[in-house]
Amino acid sequence: MTQALLNVKNLTIEFQGGNKAVDDISFSVAKGEAVAVVGESGSGKSVTALALTRLLPQPPACAIGGRILYREKNLLTANNEEIRAVRGKEIAYIFQEPSTSLNPVFSIGYQIAEAIKLHRPEVKDINAEIVRVLSLVGIRNPGQRLKDYPHQFSGGMQQRAMIAMALACQPQLLVADEPTTALDVTIQAQIIDLLKELKQKTDMSVLLITHNFGIVSGFADRVIVMFRGKIVEEGPTQEVLKNPQHPYTKALIECIPQLGQKKERLTTIDYSKIV
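Residues numbered from 1 in each chain as written. Predicted model: local features only at pLDDT ≥ 70, side-chain atom pairs only at ≥ 80, totals over all residues. Heavy atoms only, no water.

A. Molecular detail of helix H7 (residues 155-168). The first and last C-alpha atoms of H7 sit 20 Å apart over 14 residues, in line with the 20 Å expected at 1.5 Å per residue. Here H7 lies mainly inside the structure; 12 of its 14 residues are buried. Gly 156, Gln 158, Gln 159, Arg 160, Ala 161, Met 162, Ile 163, Ala 164, Met 165, Ala 166, Leu 167 and Ala 168 are the residues of H7 that are buried. Where the residues of H7 are buried, they touch strand S6 (91-94), helix H3 (98-101), helix H4 (108-119), helix H5 (126-136), strand S7 (173-177) and helix H8 (185-202). Positive backbone phi, at 55 degrees, marks Gln 170, one or two positions downstream of H7. (Helix = DSSP H or I, 4+ residues; strand = E, 2+ residues; numbered from the N terminus. Expected span 1.5 Å × (residues − 1). Buried < 20%, exposed > 50% of the residue type's maximum accessible area, 1.4 Å probe, protein only. Contact = heavy atoms within 4.5 Å.)

If you want it as structure tokens, here you go:
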């Protein structure tokens, strides 16, 4: 069995007021594996992603318990210097709103250069590396476009720039938190195809956070379904899609639009039966 690159054990995240956003969950991500965490808004998937590199506010704002093992090192007990060496360099993020993640007053090239200088000081020709990663994510004329500002890029191109920034650090694990939510359907498909292609080229692991089962098939090797802070189902993607065991998973899958399918209304989730 392939050793896990990331191993989350008994993770609990509790905010002020006793609100448990994540309640004792465990999962792993192997080297070169794509894992999708699926659930509706408020299920705890995004706070789980942020907790991996301690991006959540620390006590008293929130308390985190359990272990987050990256290459067998517990990131929850790592010191600030150790966590900074992992965050961005080893575990990189792309988020759902690229327009708010990019700084509007700096050029795309400047922002990618910042990441390279911080995490890859051995790179001598930074401009050449920026051109390389922009070309890798499918941005045409990268030598010219690196001088552009975020507002000069479309939403899809902004997300490609964010992916380029993450790849410039050469991470082992890419956490994609709802990377297609702010994009139209055609661009969504392009971004997912791009992530799949880049995963194959670089052999990096991907943790995809999404509420949409429709983008999981054909991308993720395994799927984890979260509901109210707990994992309610986990397994190989095609197995879960074809034969879901949990009623919540079944309801999420039935929300996927199908060509030629006519429904009067979406399936109602009876929460009393699945808590």
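B. Geometry of the sheet that holds strand S3 (residues 34-38). The 6 strands lie next to each other as S6-S7-S8-S3-S9-S10, forming an open sheet whose pairing is mixed. Each edge of the open sheet is held by one strand with a lone partner, namely S6 and strand S10 (230-236). For this sheet, the mean angle separating the axes of adjacent strands, direction not counted, is 15 degrees. (Pairing = 2+ DSSP bridges. Axes fitted to C-alpha atoms, helices over the stretch in contact; angles between N-to-C directions.)

C. The pattern of salt bridges, seen in detail. Using the criterion set out here, one finds 12 salt bridges in the structure. Measuring nitrogen to oxygen at the nearest pair gives 2.4 Å for the salt bridge that ties Arg 145 to Asp 148. Accessibility expressed as a relative area gives 15% for Asp 148, which makes it buried. Linked through salt bridges whose partners overlap, the residues forming this network are Arg 120, Glu 122, Glu 129 and Arg 132. (Salt bridge = Lys/Arg side-chain N within 4 Å of Asp/Glu carboxyl O.)

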